[in-house]
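Working through the structure, step by step
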Amino acid sequence: MFGELEHPTYEGFDESATAEDAQDSDQFLDRVAHHCTDLFSVSAAGVMLVGPGGDLHAAATAAPAVPELGDLFAAHPEESPCADSCHLLEPVIETDLARADRRWPEFATDARKAGVRGVLAFPLHDRETSIGALGLLATKDDRLDVHHVRLVGAIADIAVVGLLQRYTAAHGLHGGVTQLQSALDVRVVIEQAKGMLAQRGGIDVAQAFQALFRFARKHRTGLVEVAESVVDGTVDSSRILDALSTAGVRQRRAPTPRAEWRGMDHS
């Protein structure tokens, strides 16, 4: 499944992807996803973006041969390789999903049932501000080379540039600056909450984020709102940390910095 890519190239894609004659972000992200399935010879690709509430959502997917594979991105926005890549600001690679049941229990199970054997995710970020992630899903018949992470990173960089260009064109420079400031504000409060939970629970920041997300989902509350409650002390941290134990997630310690972005408005 994970073999060599034959003469991988993205020549021309960087120019077409960042061209100013196509301002629609949705169409642009759709091209990014489809280009990835062609370039990397994988069954599915998806672009995940962080929304106004700090939650990830599937902005574009491509699965030409098996359309239902694209649904995996939307079905598992926060407990998945893309979520980890986004929040950890680093590539995530898993060549055998049979080993990922503890890390992404629901995603790993559903992905294996759909025939997915391996995944690769790369963060979409502007400096230290994460705006999402680019994910690739490989089946047993696909060939995805883990040594070509840099090439995936190049496509991710192009995607970020294209998105920022289109957002600035649609909202103006002032709107772009305002959006970046909003992203930083969201990042600060979530980072603070994750750090506090990690310290109090003796866990790493990745698990701290999982606890925030699980608590927010259980109580149908926005992720940022939960983070603010942790920071200002209006919610007992132990209640949020209990979300990990009730979900049967094994605790681990491996502190790593992460960042979130408020996201881009695709309305």
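Bear in mind the structure is a predicted one, so any value in this text is a computation, not a measurement.

Turning to the overall build of the protein chain, a few remarks are in order. When its secondary structure is counted, the protein chain shows 9 helices and 5 strands. Per-residue burial for the protein chain yields a buried fraction of 50% across its 267 residues. Intrachain contacts of the protein chain at a sequence separation of at least 6 include 70% that bridge at least 24 residues. Summed over its atoms, the accessible surface of the protein chain is roughly 12,300 Å², and 48% of this surface lies on carbon and sulfur atoms.

Counting residues in hydrophobic clusters, the biggest one holds 28 residues, and the most contacted among them are Phe40, Val47, Leu124, Leu134, Leu136 and Ile155. Among the elements of the structure, helix H2 (25–40), strand E1 (44–50), strand E4 (116–126), strand E5 (129–139) and helix H6 (149–201) are those that each provide at least two residues to this core. Here this core gets 9 residues from one element, more than from any other, and that element is H6. Excluding anything up to four places from it in sequence, leucine 124 contacts Val47, Met48, Leu49, Thr129, Ser130, Ile131, Gly132, Ala133, Leu134, Ala156, Ala159 and Val160. Judged by nonpolar contacts, the second largest core, of 24 residues, contains Met196, Ala198, Leu223 and Val224.

Its identity is not glycine, yet serine 41 carries a phi of approximately 55°, on the positive side. Inspection of the secondary structure assignment puts serine 41 in the loop between H2 and E1. Judged by relative accessible area, serine 41 falls into the partly exposed class, the value being 38%.

Glancing now at the pairing of E1. With respect to burial, E1 is a largely interior element, 7 of its 7 residues being buried. Side-chain alternation along E1 places Ala44, Gly46, Met48 and Val50 on one buried face and Ala45, Val47 and Leu49 on a second face that is also buried. Strand direction decides the pairing type here: E1 and E5, joined by 6 bridges, are antiparallel. Following the sheet pairing, alanine 45 is matched in E5 by leucine 136. Taken together, the 6 bridges between E1 and strand E2 (residues 56–62) define a ladder with antiparallel strand orientation.

Moving on, we come to the side chain of serine 85. Topologically, serine 85 is positioned in helix H4 (residues 81–88). When residues no more than four places from it in sequence are discounted, the contact partners of serine 85 are Glu90, Pro91, Val92, Ala121, Phe122, Pro123 and Ala133.

This part takes up helix H8 (residues 223–232). Of the residues making up H8, those classed as buried are Leu223, Val224, Val226, Ala227, Ser229 and Val230. Backbone geometry just after H8 places glycine 233 at a positive phi near 80°.

At their nearest, the axes of helix H7 (residues 205–218) and H8 sit 9 Å apart, and the two run at 115° to each other. Handedness of the H7/H8 crossing: right-handed. Where H7 approaches H8, its residues Phe209, Leu212, Phe213, Phe215 and Ala216 are matched on the opposing element by Leu223, Val226, Ala227 and Val230. Of the residues that constitute the contact of H7 with H8, the class distribution is 9 nonpolar, no polar and no charged.

A few words now on the pattern of salt bridges. In total, this model carries 5 salt bridges according to the counting rule given. Note that arginine 103 is salt-bridged to aspartate 84, the shortest N-O span being 2.9 Å. One end of the pair, arginine 103, is in the loop between strand E3 (92–94) and helix H5 (105–113); the other, aspartate 84, is in helix H4, and 19 residues separate them in sequence. In this structure arginine 103 comes out as partly exposed when scored by relative accessible area, which is 27%. Since its relative accessible area comes to 5%, aspartate 84 is described here as buried. A salt bridge links arginine 99 to glutamate 94, with the shortest nitrogen-to-oxygen separation between them at 2.7 Å.

The subject of this paragraph is the sheet that holds E2. Taken in spatial order, the 5 strands make up an open sheet running E2-E1-E5-E4-E3, and their pairing is antiparallel. The open sheet has two edge strands, E2 and E3, and neither has a second partner. Strand-to-strand, the axes of this sheet are offset by a mean angle of 15°, without reference to chain direction. Packing of H2 onto the sheet brings it into contact with E1, E2 and E5, and relative to E2 it is tilted by some 55°.

Turning to the packing of aromatic side chains, a few remarks are in order. If you walk through the whole model with that rule in mind, you get 1 aromatic pair. Summarising the aromatic geometry, the rings of tryptophan 104 and phenylalanine 107 are spaced 6.2 Å apart at their centres and angled 90° between planes, so their arrangement reads as edge-to-face. Residue tryptophan 104 is classed as buried on the basis of its relative accessible area of 0%. Judged by relative accessible area, which is 4%, phenylalanine 107 ranks as buried.

Calculation rules
Residues numbered from 1 in each chain as written. Predicted model: local features only at pLDDT ≥ 70, side-chain atom pairs only at ≥ 80, totals over all residues. Heavy atoms only, no water. Helix = DSSP H or I, 4+ residues; strand = E, 2+ residues; numbered from the N terminus. Buried < 20%, exposed > 50% of the residue type's maximum accessible area, 1.4 Å probe, protein only. Contact = heavy atoms within 4.5 Å. Areas by Shrake-Rupley, 256 points an atom, 1.4 Å probe, with all protein chains shown as cover. Core = buried A, V, L, I, M, F, W, Y, C linked by side-chain atoms within 4.5 Å. Pairing = 2+ DSSP bridges. Axes fitted to C-alpha atoms, helices over the stretch in contact; angles between N-to-C directions. Left-handed = near helix turned anticlockwise from the far one by under 90°. Nonpolar A, V, L, I, M, F, W, Y, C, P; charged D, E, K, R; others polar. Salt bridge = Lys/Arg side-chain N within 4 Å of Asp/Glu carboxyl O. Phe/Tyr/Trp six-rings, centres within 6.5 Å; stacked < 30°, edge-to-face > 60°.

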